Structure formats: structure tokens, C-alpha cells
Amino acid sequence: RFHHTSTLRLCSCSKTASDEKYQDPFQLGRKDLKNLYEDIKKELLVSTAELKEMCDYYFDGKGKAFRPMIVVLMARACNIHHNNSREVQASQRSVAIIAEMIHTASLVHDDVIDDANSRRGKMTVNQIWGERKAVLAGDFILSAASVALARIGNTTIISVLTQVIEDLVRGEFLQLGSKENENERFAHYLEKTFKKTASLIANSCKAVSILGCPDPKVHEIAYQYGKNVGIAFQLIDDVLDFTSCADRLGKPAAADLKLGLATGPVLFACRQFPEMNAMIMRRFSKPGDVERARKYVLQSDGVQQTTYLAQRYCHAATREIRKLRPSPEREALVQLTEMVLMRDK
């Protein structure tokens, strides 16, 4: 098994001469995320028992709340940068809640599109309640997120966060298509990755920066940090599809290949094994394609190259966030880029 931590020490984004104390992002953000899932459930005032059961099933409080964590840390970092305020505003915390709701709605819909049967180590909503009800549950969560967004009462924030929903749909359409040309194919993959994963993090970070600080330069820093971390997060996800076992992932391994998707490790492997081109074009649909493609990827440097690419995105994120005034929250956001690279599930 390729262990992507071994390459990390060569060009780690860890703190240089900074004397800021090491901060565990999850410890630092915990106070602002207390009762996060209870607050989400309050947004989902449900009239039918079955819909409530479906929503409660997803918002069980067992997730790591990775996206809300980034959002509240970014809110604090921007507030400190602007006027040394160490408090998260209520509207900024609302953005964290809305981000988690949009993310979860997209997972519910993704599982329907992919006909997935497990997510986070348990059965998917579509497997238990059926596809039609799962689509409606995803729609319901999105509508509740939209109501919470309108309540913030800021048209700029509404515009920034509705962009996420548009990007999610466009990203899903990109995933349904494929490109013949090798260079176009990689650009297509990165654009899809941005729209499906990174846009939510980038625009949520931008939204809290707008609420906390009037400086457009800070809004751009927040957006670029979120974008780069989001792309790196997905690249490592695509690596884990080849290197991690199903038990660790909470979903079947090689799931992307089974869905006909050519992710980073496959696209890099294709440069060493051009015979994969035909398989990519037919979306690994012939018997034996998935097994052969997996073997080629593991024989190639596809996993390593994808990991290096993720490191480059994390370095870019670190460069951006270091433009803000030093604070424990800023250091925690730097630390988070390392956690993205080191995770194994």
C-alpha cells in the first residue's frame, strides 16, 4: 500500500519559524460548533414523521463536521484580522450550519445518482427509504438551508452561497460527461472537482469573511484558501479510493471505477499505460475493466502524483491564509491543510 505520509515530510506545509502555539483545529472550533446538529434539526421543522426520520438519520452528530469547522475558524481568523474580535457572529455561525446542510443534501442526491448502498459506514437513505423519497429528502434539506440563508438578510451572502448550489449541479453534469483529449480530460476533472467539492468550502469561507471584514482582499484570501483546501481534500479522497480498505472509508473501495469515473490516479496512470484510454472512454464498462484499471493504477505512480498535486494545493492554501494577521485560528487553518493530506479515511 502506498502511504502518502512518506512523501509529505519532503515538502510539508508545517509552521516555519512561527512561535504560534500548535492548535488542534477541532479543539479550537469545538466551542462554536457546540449543538451544531441540534441547531440543524431545528431548521428542519418537519411535518411528516418519515421525513423527520430520514433527516435525523443523516444529521446523527457522528460526522467530523469538517466544513463547518473550516468556516468557523475562517470567521474567527477574519474577525481577528479586521478588528481583533475573537467572537464568531451569529450570522457567521449560520453560514457554517447552511454549509453542512447543503453538503448533506448533495450527498443524499449523489447517493441516488450513483445508486450507492453505503455512506459513512452505514446504509444510504436511498437503500432504506427508496430513491424517490431520498430525492425529496435532499430537496427538503436544501429548501430549509435556503430559508436559513434568507434569514441572514444579506443579499451578497445569498448570492455567494446560491452559487454553491449551481456549482454542485454543474459539477454533477461534468461528471456525467468525459473528454477524448488527455489534456482536456485533466482540466475537466479539476473543474468537476472544484464545482462538486471545493466551491462549497471556498464560497462559505468567502461568505464569513464578507460578514466579518469589509476588505475585498480578505474575501479573496478566504475564497482561495477554501478553494485550494477543497480541491486537495477531493484529490486525497480519490487517492484513498485506491489505497484504503472499504472498512476505513465507510464505502466500497474502487467505487469511482465502478461508477465509470476516471479520477486523478487513473488519469496519471494513463500516461504510463495508454491502453487505459479505451477503458476510460467506455467508462470501465466491459467485464474485467475495473480490476485491470485498478491494477494499472497501483503499478503506476498515479497515486503518488495525485498526492503531490494535493500537496501543491495545500501549499497554495497555506500561502493564502498566512496573509492574515497571526492568530491561533490562522495557525489551525494551516494545520488543517496538513490533516487533509494525512487523513486515511
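Described in the following lines is the structure provided in the data block. (Residues numbered from 1 in each chain as written. Predicted model: local features only at pLDDT ≥ 70, side-chain atom pairs only at ≥ 80, totals over all residues. Heavy atoms only, no water.)

1. Concerning the environment of E329
Move 1: Structurally, E329 is set in helix α17 (residues 328-342).
Move 2: For E329, a relative accessible area of 4% gives the class buried.
Move 3: With residues up to four places along the chain from it excluded, the contact list for E329 reads L28, L73, R76, A77, I80 and R86. (Helix = DSSP H or I, 4+ residues; strand = E, 2+ residues; numbered from the N terminus. Buried < 20%, exposed > 50% of the residue type's maximum accessible area, 1.4 Å probe, protein only. Contact = heavy atoms within 4.5 Å.)

2. Structural notes on the packing of helix α5 (residues 90-114) against helix α9 (residues 182-212)
Move 1: At a minimum axis distance of 9 Å, the contact between α5 and α9 shows a crossing angle of 165 degrees. Considering their axes alone, α5 and α9 lie roughly antiparallel with respect to each other. Read as a crossing pair, α5 and α9 show a hand that is right-handed. Along its contact with α5, which presents S91, Q92, V95, A99, I102, H103 and D110, the element α9 presents K196, L200, S204, A207, V208, L211 and G212. (Axes fitted to C-alpha atoms, helices over the stretch in contact; angles between N-to-C directions. Parallel < 35°, antiparallel > 145°, perpendicular 65-115°, else oblique. Left-handed = near helix turned anticlockwise from the far one by under 90°.)

3. Describing unusual backbone geometry
Move 1: Even without glycine at this site, A65 takes up a positive phi of about 55 degrees.
Move 2: As for its position among the elements, A65 is in the loop between α3 (49-58) and α4 (66-83).
Move 3: In the Ramachandran plot, D115 falls in the positive-phi region, its phi being about 55 degrees despite a non-glycine side chain.

4. Quick word on the packing of aromatic side chains
Move 1: All chains considered together, the criterion is met by seven aromatic pairs.
Move 2: Taking 6.4 Å as the distance between ring centres and 85 degrees as the angle between the ring planes, the aromatic pair formed by Y57 and Y58 counts as edge-to-face.
Move 3: By relative accessible area, which is 7% here, Y58 ends up buried.
Move 4: Feature note: the residues Y57, Y58 and W129 constitute an aromatic cluster, connected by ring pairs.
Move 5: Looking at R67, its charged tip hangs above the ring of F233, at a distance of 5.3 Å from the centre.
Move 6: The ring of Y223 carries the charged tip of K206 above its face, separated from the ring centre by 5.7 Å. (Phe/Tyr/Trp six-rings, centres within 6.5 Å; stacked < 30°, edge-to-face > 60°. Lys NZ or Arg CZ within 6 Å of the ring centre and 35° of its normal.)

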